[in-house]
Amino acid sequence: MTAPQSAVIDCDVHAVLPGISALKPYLSAYWCEQIAQTGFKGPPDQWYPVRTVAADPALTDSIPASKVEYLQRDVLDPQPELEQAILQCDCAVETLHNPDAAAAVAAALNDWLAAEWLARDPRLRASIVVPSQFPELAAAEIDRVAGRPGFVQVLLPVRSEAPYGSRNFRPVFAAAARHALPVGLHFGGAPGNPSTPVGWPSFFLEDYAGMTSVFQSQLISIVAGGTFDLWPDLRLVLLESGVTWLPPMLWRLDKNWKGLRREIPWLRELPSEYVRRHVRLTTAPFDAPDEPGQLADVMTQLGGDGMLLYASDYPHAHGQDAALSRLEFFPTASLVNIRAGNARALYRF
Amino acid sequence: MCAASCSRLVDCDIHNTITMEALARYLPKKWQDYQREFGRRQLPGDYYPKAMPFASRTDSWPPGGGPPGSNLPFLRQQLLDAWPIDFGVLNTLITIRNQERDYDAAMATAANACQIAEWLEPEPRLRASLLVPFEDAPLAVAEIKRHGANRRFVQVLIPSRTSQPLGQRMYWPIYAAAMERDLPIGIHFGGWAGGIPISGAGWPAYYLEYHTGMSQTFQAHLISLICEGVFEEFPQLKIVFIEAGLGWIAPLLWRLDRSWRQLKAETPRLRHLPSEYFRRHFWLTTQPIEEPPEPAQFTAMLGHLGMNDRLLFSTDYPHWDFDNPDHALPSTLTPALRQAIRRENACALYGFA
């Protein structure tokens, strides 16, 4: 059982933009006029079916997680042991093909997060929203926002038009490194290309379950592209990624590296060693097996609890059972690390 | 050699190469002229040099000339006679490129005729997968009907990189025709996919990524085939994942089961947990074998998968990542399981006796 006094850092809670009008105070006159003239609604956020997993069905707010008061009521205040919670605003800026629109919306989102969330609760931290599809603009936004109180990470949607290990994205990682910020890859994104390597699926269930494939592609790309060789201090956090897919993927990647390493000569050790050193994963969802013995196998494969960061993923509901949500399957010593210790080390809180 | 490794064997993934010269013996003149005039159009975007010429072992080039896998006597010498192989399943990778559909169909028909005359008839140990123009179901069904009574064809072959996830209804007539003849659908690593990026995050840079990431095509097909209700529509359909890997499957089933419990209103055709459909309808070849850092993790992985009667040994001859029958399976497997994987599971699936 969890020791009630054990500290908590919640590495994935959501701030949901209730609509483009909420950003008007943070947008230039030009973009306010565009909204009025063209009906521009900002990025669509259609990742979650409205009442199925978009929010815990117990939440009755018209737009869950759209106000700091909701978060305080549901997450922050009921947990006196909670030290920090990191806001992810996974508003789909990557859907905007107009680079100026993408940059303007990302900047407005960050200013909205700063004014209406971070400034209003000292327990909150946030990831920087960037126009990830335009790496130079994304780097500029990181430079603009980094160093402001509360911004602790750069947020990229896991789905992208090109994988993040490709050289096009180096300005983003360089900017994160310049400001000693971890990079977080979060479930979802809507860049326009199919979500699977064989075209578009029919159901949300397929997109949801298949998102682990995209995390795999990104992780393979980031390692193979030499990102961790270029920035040896870079930390990468996989948010809402699931966890149990990781070890078998690393077996495959290590095996292939032994056969194909001449192709990427900059890698100096097994891909899995880079991943264990640089990568962390949040615990919601975990995608655990039902059998406790199998879960113990997975923890052995993961090499222990060192890569795991507790997250509630508020307000999303992942259909995990209660024991999983409370991480009760971990021994107490591990829980201390997973609930706060690993995050404290990673984010240098 | 140890006694265990000398036990009899079925190899469920052998690549014979049908050269353009061989194919020309079976391709109607009309299509030979077409080929001469327009060439074999490449779909752009997915060229990754594959580690070694022809993605093959350096010792697999026949001494008499021709590419790896193109010479039956040399294939006998290097594979069929080198190990105690009772049956071998050919998956010829002549590419049905998803271009002019009638040309695709003619290529498949010619390749199948070549397989019968130049591979199956001269070598009794060999069986073959039937090539079909899989992106055009009526043409594919016609090819299945043409050969459906020939039991030397033991399954219908579809490459894993298709233009749509394989649960989509455009492919269903192929499943109906295959099930009617009790032919499994073999889905094999690779293919062309009609220009869709090879990952859900766009085009990667390196062959290492292409190769490591190919399991993601199978992940999408597993999810799609189950979620679209294919196994409710075709309750006797059998699917063989060839060269897909094994380790990723159990974690994906854990995730899919949990997701489905929450989202099942979206897929009302499904009456069972996704993992139950998978364990009932799927078979898996072993190459490239998983190599976790500890053998105990391999055993644990098989426990998580729970499909010991569905694992089929394969070498992937003559490719560079060939699995040697003497060494590929971990020594920790029980003799009974080793023998099931090496031979018995394949005999049960394909009806070899």
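Note that this is a predicted model, so its numbers are computed, not measured.

Criteria and thresholds
- Residues numbered from 1 in each chain as written.
- Chains lettered and ligands numbered in written order.
- Predicted model: local features only at pLDDT ≥ 70, side-chain atom pairs only at ≥ 80, totals over all residues.
- Helix = DSSP H or I, 4+ residues; strand = E, 2+ residues; numbered from the N terminus.
- Rg over C-alpha atoms; globule rule 2.2 N^0.38 Å.
- Buried ≥ 20, exposed ≤ 12 C-beta atoms within 10 Å, placed from the backbone.
- Contact = placed C-beta atoms within 7 Å.
- Nonpolar A, V, L, I, M, F, W, Y, C, P; charged D, E, K, R; others polar.
- Axes fitted to C-alpha atoms, helices over the stretch in contact; angles between N-to-C directions.
- Parallel < 35°, antiparallel > 145°, perpendicular 65-115°, else oblique.
- pLDDT = per-residue confidence, 0-100.
- Pairing = 2+ DSSP bridges.

Asker: Quick rundown of the overall build of chain A? Include the residues and the values.
Answerer: Looking only at helices and strands, one finds 12 helices and 8 strands in chain A. In terms of overall size, chain A behaves like a compact globule, its C-alpha atoms giving a radius of gyration of 19 Å where 349 residues would be expected to give roughly 20 Å. When the backbone C-alpha atoms are referred to their principal axes, chain A occupies close to 55 × 50 × 40 Å. The buried share of chain A, taken over its 349 residues, is 54%. For chain A, contacts bridging at least 24 residues in sequence account for 83% of all contacts bridging at least 6.

Asker: Account for the interface of chain A and chain B, naming residues and giving values.
Answerer: In this complex, chain A contributes 57 residues to the contact, which on the side of chain B involves 58 residues. Taken together, the elements giving at least two residues each to the side of chain A that touches chain B come down to α6 (204-224), α8 (246-260) and α10 (292-302) of chain A. Considering each element in turn, the side of chain A that touches chain B owes the most residues, 15 residues, to α6(A). Class assignment of the residues belonging to the side of chain A that touches chain B gives a composition of 25 nonpolar, 24 polar and 8 charged.

Asker: I'd like a rundown of helix α4 (residues 135-145) of chain A, residues and numbers included.
Answerer: Residues and elements named next belong to chain A. Taken residue by residue, α4 has P135, L137, A138, A139, E141, I142 and V145 as its buried positions. Contact partners of the buried residues in α4: α3 (99-116), β3 (124-129), β4 (151-157) and α5 (170-178). In the stretch just after α4, G147 is the one whose phi turns positive, near 95°.

Asker: Residue-level account of the packing of α6(A) against helix α8 (residues 215-227) of chain B, with values.
Answerer: In the contact formed by α6(A) and α8(B), the axes pass within 10 Å of each other and the chain directions differ by 175°. Judged by the angle between their axes, α6(A) and α8(B) are roughly antiparallel. Touching A:L205, A:E206, A:A209, A:G210, A:S213, A:Q216 and A:S217 of α6(A) are B:Q216, B:Q219, B:A220, B:I223, B:S224 and B:C227, all from α8(B). Residues of the contact of α6(A) with α8(B), tallied by class, amount to 5 nonpolar, 7 polar and 1 charged.

Asker: How would you explain the confidence of the model for chain B if you had to name every residue and give the values?
Answerer: Residues and elements named next belong to chain B. Looking at chain B, the pLDDT average stands at 94 and 96% of residues meet or exceed 70. Taken together, the stretch residues 1-5 has pLDDT below 50 and engages in 6 contacts with residues farther than four places along the chain or on a different chain. Scored as a complex, the prediction yields pTM 0.96 and ipTM 0.95.

Asker: Account for the sheet that holds β4(A), naming residues and giving values.
Answerer: All names here are of chain A. Across the sheet, which stays open at both edges, the 8 strands sit in the order β1-β2-β3-β4-β5-β6-β7-β8 with parallel pairing between neighbours. With partners counted over all chains shown, the strands left at the sheet margins are β1 (8-14) and β8 (308-309), one partner each. In this structure, strand β2 (residues 82-88) lies alongside β3, joined through 3 bridges in parallel fashion. By the bridge assignment for β3, I86 is matched with R125.

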